[in-house]
Amino acid sequence: MWFQMVSLVLDVVAGLLAGTCLLRLLMQRQRISFHQPVGRFVFALSDWLVLPLRKVIPSGSAWDLSSLAGAWLIKLAHVSLLWLMSGGHAPGLLLPWFSVLSLLQLVVSGLSALVLVYAVMSWVNPQSPLNDLVSKLVEPVLRPFRRMVPLVGGIDLSPLVLLLALQMVGIVLMGLQMDGLR
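Report follows, based on the coordinates. (Residues numbered from 1 in each chain as written. Predicted model: local features only at pLDDT ≥ 70, side-chain atom pairs only at ≥ 80, totals over all residues. Heavy atoms only, no water.)

### Re the layout of surface pockets
Part 1 of the reasoning: Estimated volume of the largest pocket: approximately 690 Å³.
Part 2 of the reasoning: Elements that contribute at least two residues to the lining of the largest pocket include exactly helix H1 (2-29), helix H2 (37-56), helix H4 (95-124) and helix H5 (129-148).
Part 3 of the reasoning: Across the lining of the largest pocket, the residue classes tally to 22 nonpolar, five polar and no charged.
Part 4 of the reasoning: Its boundaries defined by the atoms lining it, the second largest pocket holds a volume of some 520 Å³.
Part 5 of the reasoning: Looking at the second largest pocket, it is lined by 20 residues, and the ones nearest its centre are His78, Val79, Leu82, Ser102 and Gln177.
Part 6 of the reasoning: Contributions of two or more residues to the lining of the second largest pocket are made by H1, helix H3 (65-85), H4 and helix H6 (158-181). (1 Å grid on protein atoms, 1.4 Å probe; cavity = no way out; pocket = protein on both sides within 12 Å on 5 of 7 lines; lining within 4 Å. Points joined across faces, edges and corners; volume = space filled by probe spheres on them. Helix = DSSP H or I, 4+ residues; strand = E, 2+ residues; numbered from the N terminus. Nonpolar A, V, L, I, M, F, W, Y, C, P; charged D, E, K, R; others polar.)

So, in structure tokens, the structure goes:
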């Protein structure tokens, strides 16, 4: 029982911190302004890790590798703490691999949440400033699905197909993680 409660708290904290690093990565890639409440929140939660990493990791591409490294380090610490709490039964050399899988699962979960928010906001409040932000984050991933999925009665089902694909990727990632434990 205690392990589950501590594990839940670690999952939430690591997910929030790594998720903000990933959101920072995506917002910078999409050139989304950080001069709005979500951007300030992302900076507030990720600056402590990303700024020191920028001194070590050169920024040479359009992707902010410091934010990605920060997210991975948080997930590595998360996986390592859970491994230590569970008695260290799996080989410790697999921890970097498990942290990559955990980070990919976070990407799938975060993108799924963004797609759901995007779909609901497009129906409920399409003029919201938050809708513009979510749209800029989701549209690049949704665009290929829109090309493949035709409108059905004027309704865009591509978010549903994307959610289905994300769920399948999540299942594969979970299977890979379970295989690593065996």
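### Digging into the environment of Met27
Part 1 of the reasoning: Relative to the elements of secondary structure, Met27 occurs in helix H1.
Part 2 of the reasoning: A residue is classified by how much of its surface remains accessible, and Met27, at 0% relative accessible area, is buried.
Part 3 of the reasoning: Between the C-alpha atom of Met27 and that of Leu133, which follows or precedes it by 106 residues, the distance is 8.9 Å.
Part 4 of the reasoning: Look past the residues within four positions of Met27 in its chain and what remains in contact with it is Ile32, Ser33, Phe34, Gln36, Gly39, Val42, Leu133 and Leu137. (Buried < 20%, exposed > 50% of the residue type's maximum accessible area, 1.4 Å probe, protein only. Contact = heavy atoms within 4.5 Å.)

### Brief notes about the pattern of salt bridges
Part 1 of the reasoning: Scanning the entire structure with this criterion turns up five salt bridges.
Part 2 of the reasoning: Between Lys136 and Asp132 there is a salt bridge whose closest N-O contact spans 3.6 Å. Of this pair, Lys136 and Asp132 both sit in helix H5, separated by four residues, roughly a single helical turn.
Part 3 of the reasoning: A relative accessible area of 38% means that Lys136 is categorised as partly exposed.
Part 4 of the reasoning: With relative accessibility at 41%, the residue Asp132 sits in the partly exposed group.
Part 5 of the reasoning: Here Arg146 makes a salt bridge to Glu139, at a shortest N to O gap of 2.6 Å.
Part 6 of the reasoning: Residue class for Arg146 comes out partly exposed when judged on its relative accessible area of 30%. (Salt bridge = Lys/Arg side-chain N within 4 Å of Asp/Glu carboxyl O.)

### Brief notes about the packing of aromatic side chains
Part 1 of the reasoning: Per the stated rule, a full pass over the model turns up one aromatic pair.
Part 2 of the reasoning: Seen in terms of ring centroids, Phe34 and Phe43 are 4.4 Å apart; in terms of plane orientation they differ by 5°. Their pairing is stacked.
Part 3 of the reasoning: Accessibility expressed as a relative area gives 12% for Phe34, which makes it buried. (Phe/Tyr/Trp six-rings, centres within 6.5 Å; stacked < 30°, edge-to-face > 60°.)

### Focus: the side chain of Gln105
Part 1 of the reasoning: With respect to the helices and strands, the residue Gln105 is situated in helix H4.
Part 2 of the reasoning: Sequence-distant contacts of Gln105, that is, excluding residues within four places in its chain, are made with Gly170, Leu173, Met174 and Gln177.

### Notes on a nonpolar patch on the surface
Part 1 of the reasoning: Taken together, the side chains of Trp97, Val100, Leu104, Val172 and Leu176 present a nonpolar region at the surface, about 410 Å² in accessible area.
Part 2 of the reasoning: Looking at the nonpolar patch, the elements with two or more residues in it are H4 and H6.
Part 3 of the reasoning: Overall, Leu176 belongs to the partly exposed group, its relative accessible area being 35%. (Patch = residues over 30% accessible without salt bridge, like charges linked within 9 Å, V, L, I, M, F, W, Y side chains within 5 Å. Areas by Shrake-Rupley, 256 points an atom, 1.4 Å probe, with all protein chains shown as cover.)

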